[in-house]
Amino acid sequence: MIVTVTPNPALDVSYRVDKLAPGTTHRVRSVRERAGGKGFNVSRVLHELGVATLAIGPVGGVLGESIRADLLAAGIRHALLAVDAPTRMTVAVVDEEDATLFNEAGAALLDTEWDRLLDLVRARLVGADVVVCSGSLPLGSPRDTCARIVGIARDAGIPVVVDTSGPALLAAAQAGADVVKPNAAELREVVDADDPVAGAEALRAAGAGAVVLSSGPDGMVAVTGEGRWRAIPPFPVRGNPTGAGDAAVAALANGLVEQSSWPMRLRAAVAWSAAAVAAPVAGSVDLALLHRLYEEVAVEAF
Ligand SMILES: O=P(O)(O)OC[C@H]1O[C@](O)(CO)[C@@H](O)[C@H]1O
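What counts and what doesn't
Residues numbered from 1 in each chain as written. Predicted model: local features only at pLDDT ≥ 70, side-chain atom pairs only at ≥ 80, totals over all residues. Heavy atoms only, no water. UniProt positions renumbered as here; feature names shortened; annotations may be inferred. Buried < 20%, exposed > 50% of the residue type's maximum accessible area, 1.4 Å probe, protein only. Helix = DSSP H or I, 4+ residues; strand = E, 2+ residues; numbered from the N terminus. Contact = heavy atoms within 4.5 Å. Near = heavy atom within 4 Å. Polar contact = N/O pair within 3.5 Å; in protein donor to acceptor, adjacent residues only side chain to side chain. Nonpolar A, V, L, I, M, F, W, Y, C, P; charged D, E, K, R; others polar. Core = buried A, V, L, I, M, F, W, Y, C linked by side-chain atoms within 4.5 Å.

As recorded in an unreviewed UniProt entry, the protein goes by the name Tagatose 6-phosphate kinase, listed as coming from Saccharothrix tamanrassetensis. Regarding the protein, the UniProt comment filed under Sequence similarities (unreviewed entry) reads as follows: "Belongs to the carbohydrate kinase PfkB family."

Right, let's talk about helix H5 (residues 166-174) for a bit. Among the residues of H5, those classed as buried are Gly166, Ala168, Leu169, Ala171, Ala172 and Ala173. Among the structural elements, helix H4 (145-155), strand E9 (160-163), strand E10 (179-180), helix H6 (184-190) and helix H7 (196-206) are those in contact with the buried residues of H5. Gly176 lies just past H5 and shows a positive phi near 95 degrees.

Let's shift gears to the site of the ligand. Close to the ligand lie 15 residues, the nearest being Asp12, Gly37, Asn41, Ser136 and Asp246. Contacts to the ligand include Asp12, whose side-chain N or O atom sits 2.2 Å from an oxygen atom. With respect to the ligand, the side chain of Asn41 contributes an N or O atom lying 2.8 Å from an oxygen atom. At the level of secondary structure, the elements contributing two or more residues to the shell around the ligand comprise strand E2 (10-16), helix H1 (38-48) and strand E6 (88-94). The residue makeup of the shell around the ligand, split by class, is 2 nonpolar, 9 polar and 4 charged.

This paragraph deals with the nonpolar core. Across soluble globular proteins, nonpolar side chains show a tendency to be buried alongside one another. Within the largest apolar cluster, 45 residues are counted, with the highest numbers of intra-cluster contacts made by Val3, Ile56, Leu125, Val131, Val162, Val180 and Leu203. Here Val131 is in contact with Val3, Val5, Leu125, Ile149, Ala153, Ile158, Pro159, Val160 and Val161, once residues within four sequence places are set aside. Ala210, Ala231, Ala250 and Leu252 belong to the second largest nonpolar core, which has 40 residues in total.

Turning to unusual backbone geometry, a few remarks are in order. Leave glycine aside and you will find that most residues have negative phi; peptide bonds, for their part, are mostly trans. Here the phi dihedral of Gln259 falls at roughly 55 degrees; this positive angle occurs in a residue that is not glycine. Looking at the secondary structure, you find Gln259 in the loop between helix H8 (244-258) and helix H9 (262-277). Judged by relative accessible area, which is 68%, Gln259 ranks as exposed.

Right under this line is the structure:
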C-alpha cells in the first residue's frame, strides 16, 4: 500500500474555455471540481490503476468537507485530520493550447495540528510499503514538515518519495528522502548549479537517495546511486498538463513497491505522466494511451 500525505490540500476547480485571453471576459464551457493537492492526486491515479493507497491530509471549512465527500465518492481510502484553517481552492483554466493555474497559498495550521497530522501518519503506516509527501506547504508552515514525515517513514523502515519545493525540498533531501522529484526551476532554487545533472548530484550529496528531474514534454532524468538514465516520451501529447507530475510520482512510488529497476521506473513515470496530460483533469490518466506510451518510451543510460 502507498500512503500519500498532502500537507496543503485544495479543492481543484477546472474551467474549460475556448481561448484564454487576459483582460477579457470568458464564457466557461464546463466546470469540474474534485479533491486536489498533489498527494491526493497521486492517490487518485494509484486508485484508478488498481494500486492500494491511503490518502492523508488536513481539511477544514466548507471546501474541506467537499474534499472529504469527493474522496468518499471516488472510493479512495483516506484519513483526514479536521483542522481550523479553511481548505484552499485552486483554479485551472484550460483552453485548446494549455492550462493556466491559480493556486491559493493555503491557510496556516496550528503547531498542535501539525503534530496531530504527523501522529496520524505514524499511526497509519501499518501495511504501508511506500510513503509519498507531495505538494506545497501552507503559508507560514514549519519548513521541516516533509522532512519530519521522511523521518517517521524511515524510522518505520518505509521508503519515501517527496515532491515539494523550496526549503521544504532541501530539508526532505537532508532527512534522507529516497526519491525527490523537482523540476529544473525547483532544483535551481535549492542547489547552486546551472547544470541540472550537477544540481541533482548536489541534492543527492545533501542526502536524497535519488533525484528524478521532470522536464514536461521532454521527459525525465533519474540521477541515482545505481546510475543515470534519461527517458523521453515517444510523441507529444496534447491536453491538460495539470497533475502530470503527480502521475509521475505515483509511478515512482509504485516502482518502489514493485522493486522494479530504475529504467523501468523511469519508463513508467514518463508514460503515466504523459497519459495524465491526455486526461481532462488532474489525478487521472488516459488508460489506453498509457499502455501505448509504456511500450514506446525510450530509456537510455548516460
Ligand atoms: O501544493 P501546490 O504546489 O500548490 O499544488 C497543488 C496543485 O497542483 C496540482 O496537484 C497539480 O499538480 C493541482 O491539483 C493543485 O491542487
